Amino acid sequence: MADRLYFVIPCYNEEEVLPETSRRLQEKMHALMKAGTIKENSRVVFVNDGSKDRTWEIIEELHQKDPLFSGVNLSRNRGHQNALLAGLMTVKDHCDMAISMDADLQDDINACDEMLEKYYDGCDIVYGVRSARKTDTAFKRNTAQGYYKLMNRLGANMVYNHADYRLMSRRALQGLSEFGEVNLFLRGIVPMIGYPSDVVYYERAERFAGESKYPLKKMISFAIEGITSLSTAPLSIITDCGIVIFLFSIVMLIYSIVRYYMGKTVAGWTFLSVSIWLIGGMILLAIGVLGEYIGKIYLETKSRPRYIIEQYLDADDGFQTKKERRPGAPEKS
Ligand code: UDP
Ligand code: MG
């Protein structure tokens, strides 16, 4: 008796890759079904993250042609992490395990064979880890790897070189749903769920088509989001800086008293002005970091929904809330 698998794929303006991605997934899923590795009613769920192109139309077509494909349409763009979460939370009560993957075919679909194997061996979470980053630019590779190291230093327990290609069992998804935070950083939260886990290595390929939806600006804000939503280390770094500067200023005080008695008080003007700038800068930085956290608290206390689903296409239990004349509406005159 095999278990039911759901593939969850967030898509933002992916009209160029979707036909190919769906073709390959279809092939893969049918092969897995034939081999008896997964149940016949397993599915591929595309989450449309408020795309501005034909992505949702393509998903609708796919769903009409083959019940293997389901679709979740978000009411607007909410970002990769929220789109993924929306997909996972929508399927968590229907599947035995879910695999999340990007739409652009950068993750090797065939790595899911090994993931499933580990799942049947009793793992609840199987992380896909990139064995090499040959296809990324040197800049992206270095910044990304430096970032993983920094995160671990700051106390966030992240799996090295793991993006969002992973398998999660039903109870791991249930665990994930207990985390109510609005500032969501899945890569950092999933390891907190616990349960037996393992990793699978694969080679990351080039984006199949289209361009990265993560330009540098988004990457930086994603990185800051990760740090401030998982770690309070920057706050203690500020305190440490404050202590060091305070000690330093005592030394300076003693120094200036000594200079005063030596009758050389006017000298040192340059140093003074430099210090004012330096300390002013540090204070602003400190306030900025505090502001980041206060902003997070502000958002958390509002507990806004992380996503709103407009339409869910599924052969078993879909729903839709699209703009349409209501069935109970009076006749138009
Ligand atoms: N994505 C999304 N919402 C966004 C940005 C990206 O759902 O606002 C999806 C995108 O369609 C893709 C995945 O997230 O499936 C990863 O994005 P991308 O491949 O552009 O990132 P990269 O691999 O360059 O880091
Ligand atoms: Mg990509």
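This text follows the structure it describes.
Fair warning: this is a prediction, and the values are worked out from it, not measured in the lab.

### A few points about the overall build of the chain
Across its full length, the chain carries ten helices and nine strands. The globule rule puts the C-alpha radius of gyration for 333 residues at 20 Å, and the 26 Å found for the chain is more than 25% above it. With respect to the principal axes defined by its C-alpha atoms, the chain has extents near 90 × 60 × 35 Å. Out of the 333 residues in the chain, the part that is buried amounts to 44%. Counting only carbon and sulfur atoms, one obtains 60% of the accessible surface of the chain, whose full area is about 18,200 Å². Placing the 41 positive and 42 negative side-chain charges of the chain at their respective mean positions leaves the two points 7 Å apart.

### Observations concerning the coordination of the magnesium ion (ligand 2)
Protein coordination of the magnesium ion (ligand 2) is provided by Asp 104 (OD) and Gln 106 (OE1), with donor distances spanning 1.8 to 2.0 Å. The pair formed by Asp 104 and Gln 106 is uniform in burial state, with each residue classed as buried.

### Some points on the site of ligand 1
Surrounding ligand 1, one finds 19 residues, the nearest of these being Glu 14, Asp 49, Asp 104, Ser 212 and Lys 213. In this structure, Tyr 12 approaches ligand 1 through a main-chain N or O atom, which is 2.8 Å from an oxygen atom. The side chain of Glu 14 places a nitrogen or oxygen atom 2.6 Å from an oxygen atom of ligand 1. Summarising the interface, the protein chains cover 95% of the accessible area of ligand 1, which totals 540 Å² for the free molecule. Considered class by class, the residues forming the shell around ligand 1 number five nonpolar, five polar and nine charged.

### Quick notes on the packing of aromatic side chains
Under the defined criterion, the tally for this structure stands at five aromatic pairs. A centroid spacing of 5.8 Å and a plane angle of 20 degrees characterise the contact between Phe 46 and Phe 69, whose relative ring orientation is stacked. With a gap of 23 residues between them, Phe 46 in strand β2 (residues 43–48) and Phe 69 in strand β3 (residues 69–74) connect regions that are remote in the sequence. With respect to class, Phe 46 is no different from Phe 69; both count as buried. Ring plane angle 70 degrees and centroid distance 5.9 Å describe the contact between Tyr 148 and Tyr 160, whose orientation is recorded as edge-to-face. In this pair, Tyr 148 is assigned in helix α5 (residues 138–153) and Tyr 160 in the loop between α5 and β6 (162–169), connecting sequence segments twelve residues apart.

### Section: the environment of Gly 71
In this fold, Gly 71 is placed in strand β3. When the C-alpha positions of Gly 71 and Val 44 are compared, they lie 8.2 Å apart, and in sequence the two are 27 residues distant. Excluding anything up to four places from it in sequence, Gly 71 contacts Phe 46, Trp 56, Ile 59, Gln 311, Tyr 312 and Leu 313.

### Focus on helix α9 (residues 233–261)
The first and last C-alpha atoms of α9 sit 43 Å apart over 29 residues, in line with the 42 Å expected at 1.5 Å per residue. Where α9 ends, the next residue or the one after it, Gly 263, has phi of about 75 degrees, a positive value.

### Quick notes on a positive patch on the surface
Together, Arg 76, Arg 78, Lys 302 and Arg 304 make up a positively charged patch on the protein surface. With respect to the helices and strands, Lys 302 occurs in helix α10 (residues 269–302). Here Lys 302 falls in the partly exposed class, since its relative accessible area comes to 34%.

Definitions and limits used
- Residues numbered from 1 in each chain as written.
- Chains lettered and ligands numbered in written order.
- Predicted model: local features only at pLDDT ≥ 70, side-chain atom pairs only at ≥ 80, totals over all residues.
- Heavy atoms only, no water.
- Helix = DSSP H or I, 4+ residues; strand = E, 2+ residues; numbered from the N terminus.
- Rg over C-alpha atoms; globule rule 2.2 N^0.38 Å.
- Buried < 20%, exposed > 50% of the residue type's maximum accessible area, 1.4 Å probe, protein only.
- Areas by Shrake-Rupley, 256 points an atom, 1.4 Å probe, with all protein chains shown as cover.
- Lys, Arg positive; Asp, Glu negative; His and termini not counted.
- Charge placed at Lys NZ, Arg CZ, Asp CG, Glu CD.
- Donors = N, O, S within 2.8 Å, 3.2 Å for Na, K, Ca; no water.
- Near = heavy atom within 4 Å.
- Polar contact = N/O pair within 3.5 Å; in protein donor to acceptor, adjacent residues only side chain to side chain.
- Nonpolar A, V, L, I, M, F, W, Y, C, P; charged D, E, K, R; others polar.
- Phe/Tyr/Trp six-rings, centres within 6.5 Å; stacked < 30°, edge-to-face > 60°.
- Contact = heavy atoms within 4.5 Å.
- Expected span 1.5 Å × (residues − 1).
- Patch = residues over 30% accessible without salt bridge, like charges linked within 9 Å, V, L, I, M, F, W, Y side chains within 5 Å.
- Salt bridge = Lys/Arg side-chain N within 4 Å of Asp/Glu carboxyl O.

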